[in-house]
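The primary structure of each chain is shown beneath.
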Amino acid sequence: MQDFVKLLGLKHRREVAGKSAIFGGEHFVLEETDWYLLNLFRLWWHYGISFLRLQMWVEEVMEKFMRIYKYQAHGYAFSSLEELLHSLGGEAFINMTQRSVAESLLEAGVTQRFIDDVIAAVLRSSYGQSMLLVPAFAGAMSLAGAQGNTWAVEGGNKLVCSGLLKLTKANVVHARVTNVSLHSAEGKPLYQVRYKDEEGQGSGFYDMVVIAAPLHHGKSNLTFENFDPPIPELSGSFQPTVTSVVHGYLNSSYFGFPDPKLFPFASILTTDTPNLFFNAMDNICPVNISSSFRRKQPQEPAVWRVLSQRPLDKQQLKTLFRSYYSVQVTEWQAYPYYDSTKTLPPIVLHDNLFYLSGVEWVASSMEMISVAAKNVALLAYNRWYQDLEKIDQKDLMHKVKTEL
Ligand SMILES: Cc1cc2nc3c(=O)[nH]c(=O)nc-3n(C[C@H](O)[C@H](O)[C@H](O)COP(=O)(O)OP(=O)(O)OC[C@H]3O[C@@H](n4cnc5c(N)ncnc54)[C@H](O)[C@@H]3O)c2cc1C
């Protein structure tokens, strides 16, 4: 994503400071302060060295994950998610997609209390589901993001997508793809892609097709024709997440601050507590931030984003807000529901028919999908030019070190 931002001449959005806290349903179980040392001291006081163990665990995963950038810079690609993960972190990385983050952290010496208070809160905010379900790899990515060095694009992250489309001079057909069927031309596969838009139906023939939307059951109405064996239906479901963007006055009393002026937090995470009807909420800033921009005072009306599993009813909104001017609700089929589905989706569906979105079953983020997209581009290229040495190579760390 960083490369895209540079390539397109975009900028990071200016950071606006704001403190976070974790709400346990009745009171805050952990509160950030303005002082770095005091924050460290509090973590140590409550949880011993668990936070250091967590940091070491996340750093180890990230260090190995970052090998992918070197591999890709040398043109190497992988034909399955398992091959990709294996080349980065061996069997351990594959195992990390099959066991829960809670289990892995306990093994790394992180205490149950730290997991219940802190890890659960981060995962409820990023994946809307319990740490007993979220796999260790996805959990590590999300915990790396929670360490405070994430960024957004000035003007909105969507500028990356529109900018890249423009840069590649892609011919965009604004339509919904309904079907991909296999044909052949001079012994080579040719794919017919059928689509529908407001004006009706259309189709086109392509040498290569990359499917970049989830194919899982109920998520896509895309069908495949003439494939033998047929393209398998992918099992698994998605975790709904509702975002409510509310412009209003926070009810700070609900969080134990009867005087709204004294409410210090811009971001509220929550623990896995029965009856808590929201996963997280944060005071959001515009996509463009001028140098004179400041956060609203806590007693002023502000724009809050509330994440919940179900749409908030009137009573719940009144619990969180003393009053509000507007509420905008979006229901997302947001991330994979990480249940016991242990096999990762394929990347290659047919000779030159590829599937991108399966990587969300490893971890779901813009960075992951960008890395997976580059992998598919390299894979398609290497397969097309029969450069098989650049696909699924073992011992890549050694190879890239010795290559010029
Ligand atoms: C509420 C929420 C918050 C998130 N926050 C973050 C965050 O802070 N940081 C982060 O890194 N990630 C975040 N994510 C995850 C991130 O949005 C995804 O990882 C990313 O969007 C995946 O990109 P994608 O291109 O694979 O899929 P998508 O962005 O889902 O794009 C798929 C596109 O395909 C289109 N499509 C689907 N079916 C068809 C069809 N048949 N024909 C034509 N087009 C079709 C869809 O309309 C859609 O535009 C968040 C996700 C959600 C839901």
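Because the structure is predicted, anything quoted here is derived from the model rather than measured.

Calculation notes
Residues numbered from 1 in each chain as written. Predicted model: local features only at pLDDT ≥ 70, side-chain atom pairs only at ≥ 80, totals over all residues. Heavy atoms only, no water. Phe/Tyr/Trp six-rings, centres within 6.5 Å; stacked < 30°, edge-to-face > 60°. Lys NZ or Arg CZ within 6 Å of the ring centre and 35° of its normal. 1 Å grid on protein atoms, 1.4 Å probe; cavity = no way out; pocket = protein on both sides within 12 Å on 5 of 7 lines; lining within 4 Å. Points joined across faces, edges and corners; volume = space filled by probe spheres on them. Nonpolar A, V, L, I, M, F, W, Y, C, P; charged D, E, K, R; others polar. Helix = DSSP H or I, 4+ residues; strand = E, 2+ residues; numbered from the N terminus. Salt bridge = Lys/Arg side-chain N within 4 Å of Asp/Glu carboxyl O. Buried < 20%, exposed > 50% of the residue type's maximum accessible area, 1.4 Å probe, protein only. Pairing = 2+ DSSP bridges. Axes fitted to C-alpha atoms, helices over the stretch in contact; angles between N-to-C directions. Contact = heavy atoms within 4.5 Å. Near = heavy atom within 4 Å. Polar contact = N/O pair within 3.5 Å; in protein donor to acceptor, adjacent residues only side chain to side chain. Areas by Shrake-Rupley, 256 points an atom, 1.4 Å probe, with all protein chains shown as cover. Expected span 1.5 Å × (residues − 1). Bend = angle between axes of the 7 residues up to and from the residue. Parallel < 35°, antiparallel > 145°, perpendicular 65-115°, else oblique.

> Tell me what's going on with the packing of aromatic side chains, and back it up with residues and numbers.
Overall, the coordinates contain 31 aromatic pairs when judged by the stated rule. Here the aromatic cluster, defined as three or more aromatic residues joined through ring pairs, consists of F23, F28, Y254, F255, F257, F263, F265, F277 and F278. Directly above the ring of W384 sits K188, whose terminal nitrogen or CZ lies 5.4 Å from the centroid. Over the aromatic face of Y76 sits the side chain of K390, whose NZ or CZ is 4.6 Å from the ring centroid.

> Please provide a residue-by-residue account of empty space enclosed by the protein, values included.
Applying the stated rule across the entire model yields two cavities of 30 Å³ or more. By volume, the largest cavity amounts to about 60 Å³. Around the largest cavity sit F65, L81, L84, L85, V359, V362, M368, V371 and A372, which together line it. In terms of residue class, the lining of the largest cavity is made up of nine nonpolar, no polar and no charged. Estimated volume of the second largest cavity: approximately 40 Å³. Along its surface, the second largest cavity is lined by L81, L84, I347, Y355, L356, V359, A372, N375 and V376. Mapped onto the lining of the second largest cavity, the elements with two or more residues apiece are helix 5 (81-95) and helix 11 (366-384). The greatest single-element share of the lining of the second largest cavity, amounting to three residues, is contributed by helix 11.

> How would you sum up the pattern of salt bridges? Please name residues and give values.
Throughout the structure, instances matching the rule amount to nine salt bridges. Between R305 and D282 there is a salt bridge, with the nearest N and O atoms lying 3.3 Å from each other. Note that R305 is positioned in strand 11 (residues 302-308) and D282 in strand 10 (residues 280-283), a separation of 23 residues in sequence. Since its relative accessible area comes to 32%, R305 is described here as partly exposed. Judged by relative accessible area, D282 falls into the partly exposed class, the value being 21%. A cluster of three or more residues bridged by salt bridges with shared partners is formed by R99, E103 and E107.

> Mind laying out the sheet that holds strand 8 (residues 238-250), listing which residues take part and the relevant values?
In space, the seven strands of this open sheet follow the order 2-1-9-10-11-8-12, with mixed pairing throughout. A strand with exactly one partner marks an edge of an open sheet, and here the two such strands are strand 2 (28-31) and strand 12 (321-336). Here the average twist between neighbouring strands, direction ignored, is 20°. As judged from the seven bridges shared by strand 8 and strand 11, these two strands associate in the antiparallel manner. Across the sheet, residue S244 finds its bridge partner in strand 11, namely V306. Of the strands in this sheet, strand 1 (19-23), strand 2, strand 9 (265-270), strand 10, strand 11 and strand 12 are in contact with helix 7 (residues 112-126), which crosses strand 9 at around 100°.

> Explain the site of the ligand to me, using residue names and the numbers behind them.
What surrounds the ligand is a group of 14 residues, the closest being V177, A213, E360, M366 and I369. Separating a nitrogen atom of the ligand from a backbone N or O atom of V177 is a distance of 2.8 Å. Between an oxygen atom of the ligand and a main-chain N or O atom of M366, the distance comes to 2.8 Å. In the complex, the protein chains occlude 55% of the 1,000 Å² of accessible area that the ligand would expose alone. Of all the elements in the fold, those that place two or more residues in the shell around the ligand are strand 3 (176-185), strand 12 and helix 11. Considering every element that reaches the shell around the ligand, the biggest residue donor is strand 12, with three residues. Split by residue class, the shell around the ligand holds nine nonpolar, three polar and two charged.

> Hey, could you go over helix 7 for me, with residue numbers and the actual values?
Between its first and last C-alpha, helix 7 extends 20 Å over 15 residues, near the 21 Å set by a 1.5 Å rise per residue. The principal kink in helix 7, of about 35°, is found at I119. Those residues of helix 7 that sit buried are F114, I115, D117, V118, I119, A120, A121, V122, L123 and R124. Following helix 7 by one or two positions, G128 has its phi on the positive side, about 60°.

> Mind laying out the packing of helix 3 (residues 50-65) against helix 5, listing which residues take part and the relevant values?
Close contact between helix 3 and helix 5 brings their axes to 8 Å; oriented N to C, the two are set at 135°. Classed by the angle they form, the pair helix 3 and helix 5 counts as oblique. Contacts between helix 3 and helix 5 involve V61, K64 and F65 on the former and, on the latter, L88, G89 and F93. Per-class residue counts for the contact of helix 3 with helix 5 are four nonpolar, one polar and one charged.

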